[in-house]
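Chain and residue survey
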Amino acid sequence: PYNAKFWTVPAQQLTCEWFDGFIPIPSLSQVVEGTVKENKKAYGYNAKFWYPERGGIEKLADAFARQIQNICTGCPVTEVNFKRKEVKTLKGRTEKFDYLVSTVALPELPGIIKDMPAEIIENCRRLRWNSIFNLNLGIDRDNAQDKHWIYFPEKDTSFFRVGFFHNFSENLSPAGKGSLYIEVSYSENKPIDKKGILLRIKRDLEKLNILRAADKIYASDINDIKYGYPIYDSSYSACRKEILDYLLQNKVFSCGRYGSWRYMTMEEALLDGKRAAQNSAHLLKYETH
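Criteria and thresholds
Residues numbered from 1 in each chain as written. Predicted model: local features only at pLDDT ≥ 70, side-chain atom pairs only at ≥ 80, totals over all residues. Heavy atoms only, no water. Buried < 20%, exposed > 50% of the residue type's maximum accessible area, 1.4 Å probe, protein only. Helix = DSSP H or I, 4+ residues; strand = E, 2+ residues; numbered from the N terminus. Pairing = 2+ DSSP bridges. Axes fitted to C-alpha atoms, helices over the stretch in contact; angles between N-to-C directions. Disulfide = S-S within 2.5 Å. Core = buried A, V, L, I, M, F, W, Y, C linked by side-chain atoms within 4.5 Å. Contact = heavy atoms within 4.5 Å. pLDDT = per-residue confidence, 0-100. Phe/Tyr/Trp six-rings, centres within 6.5 Å; stacked < 30°, edge-to-face > 60°.

One non-glycine residue, Asp-115, lies in the positive phi region at around 60 degrees. Since its relative accessible area comes to 58%, Asp-115 is described here as exposed. You will see that Lys-251, though not glycine, has its phi angle at about 65 degrees, which is positive. Tracing the backbone shows Lys-251 in the loop between α6 (236-249) and β10 (252-254). Given the relative accessible area of 27%, Lys-251 is considered partly exposed.

Put into structure tokens, the structure is as follows:
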């Protein structure tokens with residue numbers, strides 16, 4: 001039920017490729033042991049984690065950025081020309097490249113890459129994904145829950161996950177206040193009413209006693225994330241491979257969750273960027289010699 005709710009498609013339409021690293025596999029002895037006594041072992045890749053004491057998880061990106069020069073933000077790429085080895089931005093800037101590292105979501109590429117072959121365009125169009133409607137709330141108490149986050153597989157609950165930032169670090173909300181995030185997944189297969197969803201979220205939070213009717217909401221912020229998670233359907237692997245092969249033939253390293261179009265953890269995304277940098281540096285050195 002949870003996977004059907006989260007992915008927004010019936011589980012029967014999904015392949016098993018997304019399992020790797022996300023579904024813990026117990027040993028036979030652990031399964032047997034679990035039938036006779038309560039399990040005390042922490043399962044899963046995120047059973048333990050580190051989080052910045054101050055600020056949010058963007059502190060990781062900030063640390064990398066301090067070591068790099070010429071970072072240009074707020075300038076979306078409008079065109080990539082493989083023949084001329086050029087990248088153009090919305091502000092009219094043109095950059096030449098030998099090798100290009102891209103984190104652009106694969107479905108966006110047909111609108112950016114000039115003269116993309118028809119079969120690659122079709123592969124991009126066949127990719128599917130879910131989107132995430134993320135609501136952040138600041139409330140007037142810090143005891144809404146003692147958990148870091150909770151999953152909700154029930155059909156009659158609008159969201160699939162609620163998290164509590166104030167439990168990550170006491171510095172993530174003012175003293176005595178709480179900070180929550182609430183996530184709703186949707187897609188073409190399972191659309192949502194974006195005007196009505198806010199009221200439904202509040203009602204569900206109150207129904208589950210996470211919020212009280214008397215709670216004062218100090219802050220509210222919406223992040224409507226178009227690309228949430230790639231959907232691993234029957235055409236996923238073949239389409240993804242042909243797109244990435246085409247990009248690599250044109251000296252583009254497409255990486256990250258959206259560039260490589262994989263269900264990635266944060267650390268995997270960081271390592272993917274490291275691999276892209278190492279591969280491009282190696283090839284540049286090889287061609288120079």
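Moving on to the sheet that holds strand β7 (residues 161-164). Ordered in space as β6-β7-β8-β5-β9, the five strands form an open sheet in which the pairing is antiparallel. Among the strands making up the open sheet, the edge pair consists of β6 (149-151) and β9 (217-230). Between one strand and the next, the sheet's axes are offset by a mean angle of 15 degrees, whatever the strand orientation. Of the strand pairs in this sheet, β7 and strand β8 (residues 178-186) are connected by four bridges, and their pairing is antiparallel.

Right, let's talk about the state of the cysteines for a bit. Summed over all chains, the structure comprises zero disulfides. In this structure Cys-16 is not part of a disulfide, and its nearest cysteine sulfur, from Cys-239, lies 18 Å away.

Let's shift gears to the nonpolar core. If you look at soluble globular proteins, the nonpolar side chains tend to sit buried side by side. Membership of the largest hydrophobic core comes to 35 residues, with the highest contact counts inside it found for Trp-7 and Leu-247. When residues of this core are traced back to their parent elements, those giving at least two are α1 (2-7), α4 (118-126), β9 and α6. By residue number, the principal contributor to this core is α6, which donates six residues. Residues in contact with Leu-247, not counting those within four places in the same chain, are Phe-82, Leu-106, Leu-109, Ile-113, Val-252 and Ser-254.

What follows covers the confidence of the model for the chain. Across the chain, the average pLDDT comes to 91, with 97% of residues at or above 70. Per-element confidence in the chain is highest for α4, whose mean pLDDT is 98, and lowest for helix α8 (residues 266-288), whose mean pLDDT is 78.

Per the counting criterion, the structure on display carries 23 aromatic pairs. Both rings, one in Phe-165 and one in Tyr-181, keep their centres 4.9 Å apart while their planes meet at 45 degrees; by these two values the pair is tilted. Taken together, the residues span a long stretch of sequence, with Phe-165 in the loop between β7 and β8 and Tyr-181 in strand β8 at a distance of 16 residues. By relative accessible area, which is 22% here, Phe-165 ends up partly exposed. Linked through ring pairs, Tyr-2, Phe-6, Trp-7, Tyr-151, Phe-160, Tyr-229, Tyr-232, Tyr-236 and Tyr-263 together constitute an aromatic cluster.

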